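# Report on the structure
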Amino acid sequence: MPAATSKSELLTVLDAEWVKLGKVIEKVPEALALEPDKDGTTIRDVLGHRAAWIDLYLGWIAQSATGGPIPMPAEGYKWSMLPELNAKIRRDQADLGWPDARALLEDRKAALVATLQDHSNAALYGGPMPGGNGKWTMGRYGESSGPSHFRSAAKYIRARLKAAA
């Protein structure tokens, strides 16, 4: 699927992927959501992870507005350290329950949509994200943090549901 190139495309793909993810989440019983896979990951972990990455993105936007460099992906981490960052996210969310993980992701998705709606097409796609130290636009980072993550979460959950059947 090609990346969105406009605000309207981004909001459309975000909504479409969110609907698909929601339909899959509705099929997940709490026991399965909390059951680790062979790698120790739960469906709850996956939802919490997606919410955390939306928070990172929203932080990048806030930092970008100040004109300063953005610590990407997070303060103290380089892109080559994603396994360590993702492990920290999982530790930080270890006590998150299934209903809380769902509510957290819904809340972060709403914040993402509100933030994207507050930015113009030019701000989202007019050039590299200020402070981002790369070529990606604010919109492209938004797609990566939202719709792309929703798509991969839905794929993971469908596989877990199929394996449990």
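Above: the structure in question.
Residues numbered from 1 in each chain as written. Predicted model: local features only at pLDDT ≥ 70, side-chain atom pairs only at ≥ 80, totals over all residues. Heavy atoms only, no water.

## Re the packing of helix α3 (residues 43-66) against helix α4 (residues 82-92)
Orientation of α3 relative to α4, taken along the N-to-C sense of each, is 110 degrees, at an axis distance of 10 Å. Relative to α4, the element α3 is oriented roughly perpendicular. Of the two elements, α3 crosses α4, and the hand of that crossing is right-handed. Note on element contacts: α4 touches α3 through Leu 82, Leu 85, Asn 86, Ile 89 and Arg 90, opposite Asp 45, His 49, Ala 52, Trp 53 and Leu 56. Looking at the contact of α3 with α4, its residues break down into six nonpolar, two polar and two charged. (Axes fitted to C-alpha atoms, helices over the stretch in contact; angles between N-to-C directions. Helix = DSSP H or I, 4+ residues; strand = E, 2+ residues; numbered from the N terminus. Parallel < 35°, antiparallel > 145°, perpendicular 65-115°, else oblique. Left-handed = near helix turned anticlockwise from the far one by under 90°. Contact = heavy atoms within 4.5 Å. Nonpolar A, V, L, I, M, F, W, Y, C, P; charged D, E, K, R; others polar.)

## Some points on the side chain of Glu 143
Topologically, Glu 143 is positioned in helix α7 (residues 138-145). Here Glu 143 sits buried without a salt bridge, and the closest side chain of opposite charge, Arg 140, lies 4.4 Å off (N-O distance). Of the polar contacts made by the side chain of Glu 143, one reaches the backbone nitrogen of Ala 4; its length is 2.7 Å. Residues contacting Glu 143, with those up to four places away along its chain left out, are Pro 2, Ala 3, Ala 4, Leu 10, Val 13, Tyr 125 and Ser 148. (Buried < 20%, exposed > 50% of the residue type's maximum accessible area, 1.4 Å probe, protein only. Lys, Arg positive; Asp, Glu negative; His and termini not counted. Salt bridge = Lys/Arg side-chain N within 4 Å of Asp/Glu carboxyl O. Polar contact = N/O pair within 3.5 Å; in protein donor to acceptor, adjacent residues only side chain to side chain.)

## Brief notes about the layout of surface pockets
Computed from the structure, the largest pocket encloses a volume of approximately 160 Å³. Together, Thr 41, Asp 45, Val 46, His 49, Arg 50, Asn 86, Ala 87, Ile 89, Arg 90 and Gln 93 line the largest pocket. Counting only elements with at least two residues in the lining of the largest pocket, the list comes to α3 and α4. For the lining of the largest pocket, the residue count by class is three nonpolar, four polar and three charged. (1 Å grid on protein atoms, 1.4 Å probe; cavity = no way out; pocket = protein on both sides within 12 Å on 5 of 7 lines; lining within 4 Å. Points joined across faces, edges and corners; volume = space filled by probe spheres on them.)

## Regarding the environment of Ile 61
Relative to the helices and strands, Ile 61 is located in helix α3. Sequence spacing of Ile 61 and Pro 130 is 69 residues, and the spatial spacing of their C-alpha atoms is 8.8 Å. With near-sequence residues (within four places) excluded, Ile 61 lies in contact with Thr 115, His 119, Met 129 and Met 138.

## A look at the nonpolar core
Grouped together as the largest cluster of nonpolar side chains are 47 residues, with contacts concentrated most on Leu 21, Ile 43, Tyr 57, Trp 60, Leu 105, Met 129 and Ile 157. The element contributing the most residues to this core is α3, with twelve residues. Once you skip the residues sitting within four places of it in the chain, Leu 105 turns out to touch Trp 18, Leu 21, Leu 47, Arg 50, Ala 51, Ile 54 and Phe 150. (Core = buried A, V, L, I, M, F, W, Y, C linked by side-chain atoms within 4.5 Å.)

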